[in-house]
Amino acid sequence: MGTKPDWFRSIVWFEILLQLPFFFLATWVLRDKKEDTIAAGFIAYSAHVVTTMIPILGTFVSSRTFKSEAQRYILIGIYLPYLLFPLAILFHFLQATKCAPL
């Protein structure tokens, strides 16, 4: 596969340094039902996850390295929830905080 592209490495570092710690904070906040205290964090987190999934899924769609189309669709199917769930979180918190007319 060779070296990873710069965009991929930067996404991985961001996930390690910011997304992973926020995940544990968000889990704790949701457990205590205090999600309104860090709604802006949920919006930033979910918006970032959605925007990072776009180049990843785009790479899967445009790649010519898959052995079959079935392999491509399986991989897209595995990664698609990582786009859809954060998108739902983003819309939920934008609507809940009245940040956008949704």
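In this report, the structure presented in the accompanying data block is examined.

Conventions we followed
- Position numbers for residues count from 1 along each chain, tracking the sequence in the order it is written.
- The predicted origin of the model limits local features to residues at a pLDDT of at least 70 and limits the giving and counting of side-chain atom pairs to 80 or more, whereas totals for whole chains, interfaces and linings rest on all residues.
- With hydrogens and water stripped out, all remaining heavy atoms of the structure feed into the side-chain values.
- Each Phe, Tyr or Trp ring (for Trp, its six-membered ring) is paired with any other whose centre lies within 6.5 Å, and the angle between the two planes then decides the class: stacked below 30 degrees, edge-to-face above 60, tilted in between.
- Put simply, DSSP marks the helices as runs of H or I at least four residues long and the strands as runs of E at least two long, and each gets a number from the N terminus on.
- Note on exposure labels: buried denotes an accessible area under 20% of the residue type's maximum, exposed denotes more than 50%, and partly exposed covers the range between, all computed with a 1.4 Å probe on protein chains only.
- Given a helix with a known number of residues, its expected span is that number minus one, times 1.5 Å.
- Bend, at a single residue, is the angle you get between axes fitted to the 7 residues ending at that residue and the 7 residues starting at it.
- Each patch groups residues whose relative accessible area exceeds 30% and which form no salt bridge, using 9 Å between like charges and 5 Å between nonpolar side chains of Val, Leu, Ile, Met, Phe, Trp and Tyr.
- Computed with the Shrake-Rupley method and a 1.4 Å probe, the accessible areas treat only the protein chains shown as cover for residues.
- Salt bridge, as used here, is a side-chain nitrogen of Lys or Arg placed within 4 Å of a carboxyl oxygen of Asp or Glu.
- All axes are obtained by fitting lines to C-alpha atoms, using only the stretch in contact for helices, and the reported angles, taken between N-to-C directions, cover 0 to 180 degrees.
- Comment on the angle field: the value is read as roughly parallel under 35 degrees, roughly antiparallel over 145, roughly perpendicular from 65 to 115, and oblique elsewhere.
- The contact definition used throughout considers only heavy atoms, calling two residues in contact when any of these lie within 4.5 Å.
- Here the nonpolar group is Ala, Val, Leu, Ile, Met, Phe, Trp, Tyr, Cys and Pro; Asp, Glu, Lys and Arg are the charged ones; every other residue, Gly included, is treated as polar.

Quick notes on the packing of aromatic side chains
For the coordinates displayed, the defined rule picks out eight aromatic pairs. Ring geometry for Phe60 against Tyr79: centres 5.0 Å apart, planes inclined by 70 degrees, an arrangement best described as edge-to-face. Pair noted here: Phe60 is in helix H2 (residues 39–62) and Tyr79 is in helix H3 (residues 69–79), with a separation of 19 residues, a long-range link. Given a relative accessible area of 29%, Tyr79 falls into the partly exposed group. Pairing Tyr79 with Tyr82 gives two aromatic rings, centres 6.3 Å apart and planes at 55 degrees, and the pair type is tilted. One aromatic cluster is present, formed by Phe22, Phe42, Tyr45 and Phe93 through successive ring pairs.

What to know about helix H1 (residues 6–31)
Compared with the 38 Å implied by 1.5 Å per residue over 26 residues, the 36 Å span of H1 between its first and last C-alpha is a close match. Along H1, the sharpest change in direction is near 45 degrees and occurs at Glu15. Looking one or two residues past H1, Lys33 carries a phi angle of roughly 55 degrees, positive in sign.

Quick look at a nonpolar patch on the surface
On the surface, Trp13, Phe14, Ile16, Leu17 and Leu18 cluster together into a nonpolar patch covering about 530 Å² of accessible area. Within the fold, Leu17 resides in helix H1. Exposure remark for Leu17: the relative accessible area of 55% places this residue in the exposed category.

Details of the packing of H2 against H3
The N-to-C vectors of H2 and H3 enclose an angle of 170 degrees; their axes lie 9 Å apart at closest approach. The orientation of H2 relative to H3 falls into the category roughly antiparallel. Across the interface between the two elements, Met53, Ile56, Leu57, Phe60, Val61 and Ser62 from H2 touch Arg72, Leu75, Ile76 and Tyr79 from H3. Tallied by class, residues from the contact of H2 with H3 come to eight nonpolar, one polar and one charged.

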